[in-house]
Amino acid sequence: MRNKPWAIDYLESNNHIVDVNNTYSKRIKEFFSEDRPVHIEVGTGMGTFVTTLAQNNPDINYVGIEIDKNVMIRVTEKVVELGLTNVRLLLLDANKLMEYFNEGEIDKVYLNFSDPWPKTRHAKRRLTHKNFLTSYKQLLKEGSLVEFKTDNRGLFEFSLMSMNAFGMKFENLNLDVHDDEPKENIRTEYEEKFSQRGHKIYWIQASF
Ligand code: SAM
């Protein structure tokens, strides 16, 4: 995505929706008008997934976490347009999740089409690497789910191995989501693009 020099100014002018400066660090509940269970999506991208989910589930508070300020503009615009009060956004690197949230305050983690980082020397950057699973486990309430979807077979295989080595329980698995697509599936921007290219979409729900 092209660099927009005005991105931070735009995001800061929407500071009732986006936290750019860790203002709500350790007090995420105060970012929302009502106290509801908190679900997070790490690597939100342009935000079709989190905004659709939020419209479908008004009783859940969603936090979209995205590292790229230019991408964040797009999801912010969607939240503003739709007038959603149950979506808030963090301009944050997933490596800082533990510094931002309190332990046990999250009810679900979504990962969609995370960057695959195919080179072995970059494995620690994959959002299903054991270092990230350690963070999710600490942030999630007992028995809560991580839901992960990707078209990338290599990343999916790595993630299954990583979750298994971590002792996670596979609750649900689908190796071709778009073959007889469940009606509750929400297609992300990347999902739509890769599906049009004929890629299979893999999905797993796992608990700690
Ligand atoms: N989830 C979206 C979708 O399915 O259309 C976007 C997928 S895109 C391949 C991955 C997104 O994750 C990018 O927007 C990227 O900036 C974001 N991302 C990558 N590493 C991240 C990190 N460490 N923390 C937060 N976001 C990250």
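Just so you know, these numbers come straight off a predicted model, no measurement behind them.

1. A closer look at the site of the ligand
Phase 1 of the analysis: Residues in contact with the ligand amount to 16 residues; listed here are only the nearest, Gly43, Glu66, Ala94, Asn112 and Thr188.
Phase 2 of the analysis: The backbone of glycine 43 places a nitrogen or oxygen atom 2.8 Å from a nitrogen atom of the ligand.
Phase 3 of the analysis: A distance of 3.4 Å is found between an oxygen atom of the ligand and a backbone nitrogen or oxygen belonging to glutamate 189.
Phase 4 of the analysis: Contact with the protein chains removes 89% of the 600 Å² of surface that the ligand exposes when unbound.

2. Considering the side chain of histidine 39
Phase 1 of the analysis: Mapped onto the secondary structure, histidine 39 falls in strand E2 (residues 38-42).
Phase 2 of the analysis: Excluding residues within four positions of it along the chain, histidine 39 makes contact with Ile60, Asn61, Tyr62, Val63, Asp107, Lys108 and Tyr110.

3. A look at the UniProt feature "binding site: S-adenosyl-L-methionine" (unreviewed entry) in the chain
Phase 1 of the analysis: According to UniProt, the feature "binding site: S-adenosyl-L-methionine" (unreviewed entry) maps to Glu41, Glu66, Asp93 and Asp115 in the numbering used here. These residues run over 75 residues, yet every pair of their C-alpha atoms falls within 13.8 Å of each other.
Phase 2 of the analysis: On the secondary structure map, glutamate 66 appears in strand E3 (residues 61-66).
Phase 3 of the analysis: Within the structure, the side chain of glutamate 66 is placed 3.0 Å from the backbone nitrogen of aspartate 68, a separation counted as a polar contact.
Phase 4 of the analysis: Counting through the fold element by element, aspartate 115 comes out in the loop between strand E5 (106-112) and helix H5 (130-139).

4. Let's talk about the sheet that holds strand E8 (residues 202-207)
Phase 1 of the analysis: Taken in spatial order, the eight strands line up as E1-E4-E3-E2-E5-E6-E8-E7 in an open sheet, and their pairing is mixed. Of all strands in the sheet, those bounded by a partner on one side alone are strand E1 (18-19) and strand E7 (169-174).
Phase 2 of the analysis: Strand direction decides the pairing type here: E3 and strand E4 (residues 87-91), joined by five bridges, are parallel. Among the inter-strand pairings, valine 63 is bridged to a residue of E4, identified as arginine 88.
Phase 3 of the analysis: Strands E1, E3 and E4 of the sheet are contacted by helix H3 (residues 69-82), whose axis makes an angle of about 170° with E4.

5. Thoughts on the packing of helix H2 (residues 48-56) against H3
Phase 1 of the analysis: Two numbers describe how H2 lies on H3: the axes approach to 9 Å, and their chain directions differ by 25°. As judged from the angle between their axes, H2 and H3 are roughly parallel. Crossing of H2 against H3: the hand is right-handed. From H2, Thr48, Val50, Thr51 and Gln55 reach across to H3, where they touch Val75, Lys78, Val79 and Leu82.
Phase 2 of the analysis: Considering only residue class, the contact of H2 with H3 consists of four nonpolar, three polar and one charged.

6. Examining unusual backbone geometry
Phase 1 of the analysis: Phi is positive for asparagine 22, close to 60°, though the residue is something other than glycine.
Phase 2 of the analysis: Note on asparagine 22: relative accessible area 40%, which makes it partly exposed.

7. Some remarks on H2
Phase 1 of the analysis: Every buried residue of H2 is listed here: Phe49, Val50, Thr51, Leu53 and Ala54.
Phase 2 of the analysis: At its buried positions, H2 is contacted by E2, E3, H3, E4, E5 and strand E6 (140-150).

8. Here we look at the nonpolar core
Phase 1 of the analysis: Residues Phe101 and Tyr136 are the most contacted members of the largest nonpolar core, which totals 33 residues.
Phase 2 of the analysis: Elements represented by at least two residues in this core include exactly E2, E3, helix H4 (97-100), E5, H5, E6, helix H6 (153-165) and E8.
Phase 3 of the analysis: By residue number, the principal contributor to this core is H5, which donates four residues.
Phase 4 of the analysis: Aside from chain neighbours lying at most four places away, what touches phenylalanine 101 is Lys26, Ile28, Ile40, Val63, Ile65, Leu90, Ile106 and Leu139.
Phase 5 of the analysis: Formed by 21 residues, the second largest nonpolar core is a distinct cluster that contains Ala7, Val50, Val75 and Ile186.

Criteria and thresholds
Residues numbered from 1 in each chain as written. Predicted model: local features only at pLDDT ≥ 70, side-chain atom pairs only at ≥ 80, totals over all residues. Heavy atoms only, no water. Near = heavy atom within 4 Å. Polar contact = N/O pair within 3.5 Å; in protein donor to acceptor, adjacent residues only side chain to side chain. Areas by Shrake-Rupley, 256 points an atom, 1.4 Å probe, with all protein chains shown as cover. Helix = DSSP H or I, 4+ residues; strand = E, 2+ residues; numbered from the N terminus. Contact = heavy atoms within 4.5 Å. UniProt positions renumbered as here; feature names shortened; annotations may be inferred. Pairing = 2+ DSSP bridges. Axes fitted to C-alpha atoms, helices over the stretch in contact; angles between N-to-C directions. Parallel < 35°, antiparallel > 145°, perpendicular 65-115°, else oblique. Left-handed = near helix turned anticlockwise from the far one by under 90°. Nonpolar A, V, L, I, M, F, W, Y, C, P; charged D, E, K, R; others polar. Buried < 20%, exposed > 50% of the residue type's maximum accessible area, 1.4 Å probe, protein only. Core = buried A, V, L, I, M, F, W, Y, C linked by side-chain atoms within 4.5 Å.

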